[in-house]
Amino acid sequence: MEGSHGNANPDAPFSADGDSAAVIPRKQPRLQLSFQQDELKTLRNYENIESKARKILSTSCQKMTHLFLLKDMPGHLAYLRDRFTTLDSRPTLEPLYIGLFGSSGAGKSTLLNTILGKRFFLPVSGTRTCTSCQVHVSVCRSKHYEAKIFLLSDEEWKEEVKNLVTLLENRHENSEIDGDLEHAIKVLKAIYGEGADEKSYEDLMRTKPVITIPPSRVITLRKTEAEDLANELDPYIRNQDGLEGVELVGNPQCSEQMRLWPLIKQVQVTLPPSDLVPEGVVFVDIPGTGDANKKRDEMWKESILQCTSIWIVADVERVFGAKAHEIMVQEAIKACQAGKCSDITFVITKMDKITVDEYLRSHPEASRDVSKRDAILGTKQDLKARKTRTLREKMKRSLPSDAEVLQKQELVFPVSAQEYWNPTVLRREDTEIVRLRAHIRKLYLDTKRSQLQDYMKEILVIFSLVDVYHSTHLSQNPSVNKDELDVFMSEKIQTLKKSVEVTFGHMDAPLINGVRSARTKYKKNIEKVFMQGKTSSGFHRTLKAVCVRKGVYVSRVFNRIDINNCLAEPIYAEIGAMFANIFRKQALTRNSLQTSINEFSKEVKDKFMDFGKVTNMNRSKLNFLEQETDIIMRAIDREILLKKKAIYESLELTIQTILSPCYEEAANIRGKDTCARIKATLVQNIELEVRKAMFEKAKEKMMSQFQDLTEQITTKLSKDFLSMLGVAFCQNDQLMGALPDFLGECQEIQNLLRTLRQLE
């Protein structure tokens, strides 16, 4: 199959071109090849270090097995067992998610296929949407190509059917059939057969589906060849809109597969080890502005916030001015504020579409005999400059000027998958596919180094604890020593609490300004929503769908409509910079939460150091206290990352909760002048809730979420440090003498850490 790697060099897993020699038109520049060899060497060093560290940990754990099986295990030994077993079973590298975020037909699947070196793997087409659901693609150590297809649960499907039936109500009152209506009809017919769109919800629940739905709601496909899996997977994930009756005759099995598409929630695809993509990288093909299905739309939002890197993918003909792109950029920025994202990349696809005539129209000063290659390369440079400028300007409005994502040298990659596979005009290096792969590898190597370092530090903490138990002896008054540290920790945690409260208090002023702005703009913002359907006689159906979904609906005609976010947007605009400043991790300021946490950590470590000198504490115990402090503080960082998402989203969720009765009332409107009556109901109720302090309540909810995080931080610190001091100052018992010696293993891990730091 074209793009397979059967002839690829097995010793070059990070080869930038990664394809068989038969499809490489010319050699890559020597400097680029040298750089890839350096990457390969670094990766192998990382893998070698990881393998040695895991072997040391596993062997050490086996030495302790006989003690871990005791019935009446002392608390300090149970603490040690839990740390050993948790770390031994935990993967060193958490998945690195890269989200491909683009509108229908933008070329996400083609781009991903090309990155993977598989020309025809995920379904592609030049004329319509191809992927109808969210697809995760990664590599693993299996020899097989595998896909797991997850279906909506029974409850999720029932809710979907209810929403679709509501959308189809009174559709015969006018002759206009829009994309949303067509889609609803196709969904019901696909599962329940002809005439399903005329039935009530109750009738549909009594109707037997015309297809077989597996009880497990999971379908697993496994093949030894990529092409075989691609062919079998295609009917499940290819968008079936407009395909009624096509490819179904004479193939009942294919018919069933193609009819399942409305039920598919997510697809997870794994490939064997790749020459191009490292294990641990997960690509997520994300629909552009969400999904009309509630569950898939929730997963859409979760996936965006989970991604470390987000690629906004756009066709070269739709780079500027598309509303969908504005939504995607804002969602990507939100992911930087509230999620894990630290990298935004704009990928412009199908650069081979550029013609000489187009180039000359925009560059009248250019020579008339310019080649098509030069026209494409010239346009590429122009697009890079313009899109980089506009993207930076948008990000600077919501993110600190020194945010990590704004420090990137390159934000925009104009690519051509077509020319990569069939280079007729461009050279392969001109297509920028190779550079995108390099971008992925850099993200991966940086992440792997950081997580590997943290992993080995946690191993050292375990060894330090064992050493503490070896050196434990009864002091004249051990309880006094521990009591002094208990009191100190209690005081410092309270000091941190006050500092965090001051930091979070800086949100109050921008929230007040945001509330004031929201109160003045809400009528205009709601009117903007209504204006989208000004020329559509079927807009009442869309509005009803919005109300049924509690203010959020992804329309095939009007893109994403989110009344809750629309009302909250003026507040988000005011708080964006301060919110990002509080949760920033680099270039900290006095208002950053991390500043307070770093000061707390330093003061605690300094206290342990001073305390150790005064009490003549042995070095192993001091090492344990310092290293375990780092572990505890990293756990706090993870808690903060999870909580900040809930804090950020609390504004629109509070508004949604307050307006839920309003949405329910509007959703039940039927009969004459439905659209006007729904609009009037929404406006009247929103005005009423604004007068009843809806925006102020949203502000208070966000501030209460900040207070919850403060309590969460201090409660966890109190619990974790109490446990730490308890095991560090526990009394000697006969089991301590039975603990094995890990001094040699500890030295080996320290040597590996030193080697890892030298590779930076």
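*Asks:* What exactly am I supposed to notice about the pattern of salt bridges here?
*Replies:* Pairing between side chains of opposite charge can happen when the charged atoms of each approach one another. One pass over the structure, following the stated rule, counts 50 salt bridges. Where Glu432 meets Arg435, a salt bridge forms, and the shortest distance between an N and an O atom there is 3.5 Å. Overall, the relative accessible area of 3% leaves Glu432 in the buried class. Asp446 is paired through a salt bridge with Lys442; the nearest N and O atoms lie 2.9 Å apart. With a gap of 4 residues between them, Asp446 and Lys442 both fall in helix α15 (residues 433-471), about one helical turn apart. Each of Lys380, Lys384, Glu410, Glu432 and Arg435 takes part in salt bridges that share partners, so that together they form one network.

*Asks:* Teacher, can you tell me more about the pairing of strand β2 (residues 134-139) here?
*Replies:* Every regular strand shows the same layout, with side chains that alternate between the two sheet faces. Within β2, 6 of the 6 residues are buried, leaving the element largely enclosed by the surrounding structure. On β2, burial covers both faces: Gln134, His136 and Ser138 on one face and Val135, Val137 and Val139 on the other are all buried. The pairing of β2 with strand β5 (residues 264-271) spans 6 bridges and is parallel. What sits directly across from Gln134, in β5, is Gln266.

*Asks:* Whenever I open this one, the packing of aromatic side chains confuses me. Can you help?
*Replies:* Remark: the centre distance and the inter-plane angle together describe each pair of aromatic rings, the angle taken between the planes. Enumeration over the complete set of coordinates arrives at 18 aromatic pairs. Relative to Phe706, the ring of Phe583 has its centre 6.3 Å away and its plane inclined at 15 degrees; by these criteria the two rings are stacked. Note that Phe583 is positioned in the loop between α19 (563-582) and α20 (593-615) and Phe706 in helix α23 (residues 694-728), a separation of 123 residues in sequence. Against the face of Phe413 rests Lys384, its NZ or CZ located 5.9 Å from the ring centre. In this structure, Arg428 packs its charged tip against the face of Tyr420, placed 4.1 Å from the ring centre.

*Asks:* I keep staring at the packing of α20 against α23 and nothing clicks. Help me out?
*Replies:* The axes of two packed helices give the description: the angle between them and the distance between them. The interhelical angle for the contact between α20 and α23, taken along N-to-C directions, is 20 degrees, at an axis separation of 15 Å. The orientation of α20 relative to α23 falls into the category roughly parallel. Between α20 and α23 lies a crossing whose hand is right-handed. Of α23, the residues touching α20 (which contributes Phe600, Val604 and Phe608) are Leu717, Phe721, Met724 and Leu725. A breakdown of the residues in the contact of α20 with α23 according to their chemical character gives 7 nonpolar, no polar and no charged.

*Asks:* Could you clarify how one ought to interpret the nonpolar core in this entry?
*Replies:* One recurring pattern in soluble globular proteins: nonpolar side chains tend to sit buried together. Core analysis: the biggest nonpolar cluster contains 226 residues, and Phe84 and Phe283 have the highest contact counts within it. For Phe84, the residues in contact, after removing those within four places along its chain, are Leu57, Ser60, Cys61, Met64, Phe68, Ile462, Phe463, Val466 and Phe742. Membership of the second largest hydrophobic core comes to 5 residues, among which are Tyr359, Leu360, Val370 and Ala375.

The rules behind each value
- Residues numbered from 1 in each chain as written.
- Predicted model: local features only at pLDDT ≥ 70, side-chain atom pairs only at ≥ 80, totals over all residues.
- Heavy atoms only, no water.
- Salt bridge = Lys/Arg side-chain N within 4 Å of Asp/Glu carboxyl O.
- Buried < 20%, exposed > 50% of the residue type's maximum accessible area, 1.4 Å probe, protein only.
- Helix = DSSP H or I, 4+ residues; strand = E, 2+ residues; numbered from the N terminus.
- Pairing = 2+ DSSP bridges.
- Phe/Tyr/Trp six-rings, centres within 6.5 Å; stacked < 30°, edge-to-face > 60°.
- Lys NZ or Arg CZ within 6 Å of the ring centre and 35° of its normal.
- Axes fitted to C-alpha atoms, helices over the stretch in contact; angles between N-to-C directions.
- Parallel < 35°, antiparallel > 145°, perpendicular 65-115°, else oblique.
- Left-handed = near helix turned anticlockwise from the far one by under 90°.
- Contact = heavy atoms within 4.5 Å.
- Nonpolar A, V, L, I, M, F, W, Y, C, P; charged D, E, K, R; others polar.
- Core = buried A, V, L, I, M, F, W, Y, C linked by side-chain atoms within 4.5 Å.

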